[in-house]
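Remarks on the overall topology
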Amino acid sequence: MPQKIISISTRGQGFYEFTAEAASFVRATGAAEGLLTVFVRHTSCSLLIQENADPDVRTDLDGFFRRLVPPSSDPSMRWIVHTTEGPDDMPAHIKAALTQVSISVPVIGGRLALGTWQGIYLFEHRDRPHRREIVLHLGG
């Protein structure tokens, strides 16, 4: 079963689309059908399948999560204990727990079976730049 690790360099919180890299991996395998599993090897970012046509969708999602889980320096987050890695670290873990670190996408006819306006994103929850590793695994 084919596997590949891709690396994404982030510049801070936000969405980083890698649909093209995932589709290229599937094409390179030559598989007609299967299931692509996408897994991020970190605990302070996550994965999403989301609209890739209107960037306002990503802006609104980012704003929602920033309001839902503010930095630990925010007075509403005084209950946070884990603060040694900065005020964005524990909130990043919470955001990752609320979303997902693994997703699956069917492969039909040698292509990802995503909808017309869907893309695959790394959702970075930390403020500073990171290098994130994502494992692509094609089964079936």
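Structure's up top.
Residues numbered from 1 in each chain as written. Predicted model: local features only at pLDDT ≥ 70, side-chain atom pairs only at ≥ 80, totals over all residues. Heavy atoms only, no water.

It is worth spelling out the overall build of the protein at this point. Across its full length, the protein holds three helices and eight strands. Its helices and strands taken in sequence order, the protein reads β-β-α-β-β-α-α-β-β-β-β from the N to the C terminus. Counting all 140 residues of the protein, 44% fall into the buried class. For the protein, the share of sequence-separated contacts (at least 6 apart) that also reach a separation of at least 24 residues comes to 80%. Just so you have it, the protein exposes about 7,600 Å², and 53% of that area is on carbon and sulfur atoms. (Helix = DSSP H or I, 4+ residues; strand = E, 2+ residues; numbered from the N terminus. Buried < 20%, exposed > 50% of the residue type's maximum accessible area, 1.4 Å probe, protein only. Contact = heavy atoms within 4.5 Å. Areas by Shrake-Rupley, 256 points an atom, 1.4 Å probe, with all protein chains shown as cover.)

Applying the stated criterion across every chain, the model contains five salt bridges. Across the pair R126 and D88 runs a salt bridge, and its minimum N-O distance is 2.9 Å. Separated by 38 residues along the polypeptide, R126 in the loop between β7 (118-124) and β8 (131-139) and D88 in the loop between α2 (55-68) and α3 (89-98) bring together distant segments of the chain. The salt bridge involving R126 is made with D89; its shortest N-O contact spans 2.9 Å. (Salt bridge = Lys/Arg side-chain N within 4 Å of Asp/Glu carboxyl O.)

The strand order across the open sheet built from five strands is β1-β8-β3-β5-β6, with neighbouring strands paired in antiparallel fashion. The sheet is open, and its two borders are formed by β1 (3-9) and β6 (111-112), each paired with just one other strand. Across six bridges, strand β3 (residues 34-40) lies against strand β5 (residues 102-108) in antiparallel orientation. Residue pairing across strands places T37 opposite S104, the latter belonging to β5. Relative to the sheet, helix α1 (residues 19-29) contacts β1, β3, β5, β6 and β8, its axis offset from that of β8 by approximately 35°. (Pairing = 2+ DSSP bridges. Axes fitted to C-alpha atoms, helices over the stretch in contact; angles between N-to-C directions.)

This paragraph deals with α2. Its 14 residues give α2 an end-to-end C-alpha distance of 20 Å, which sits within 8% of 20 Å, the value for a rise of 1.5 Å per residue. For α2, the complete set of buried residues consists of R58, D62, G63 and F65. Projected down its long axis, α2 shows its buried positions confined to an angular sector of 165°, all on one face. Structural note: α2 exposes D60 and R67 on the side pointing more than 90 degrees away from its buried face. A side-chain oxygen of the first residue of α2 lies 2.9 Å from the backbone nitrogen of D56; this N-cap is D54. (Expected span 1.5 Å × (residues − 1). Arc of directions from axis to C-beta. Polar contact = N/O pair within 3.5 Å; in protein donor to acceptor, adjacent residues only side chain to side chain.)

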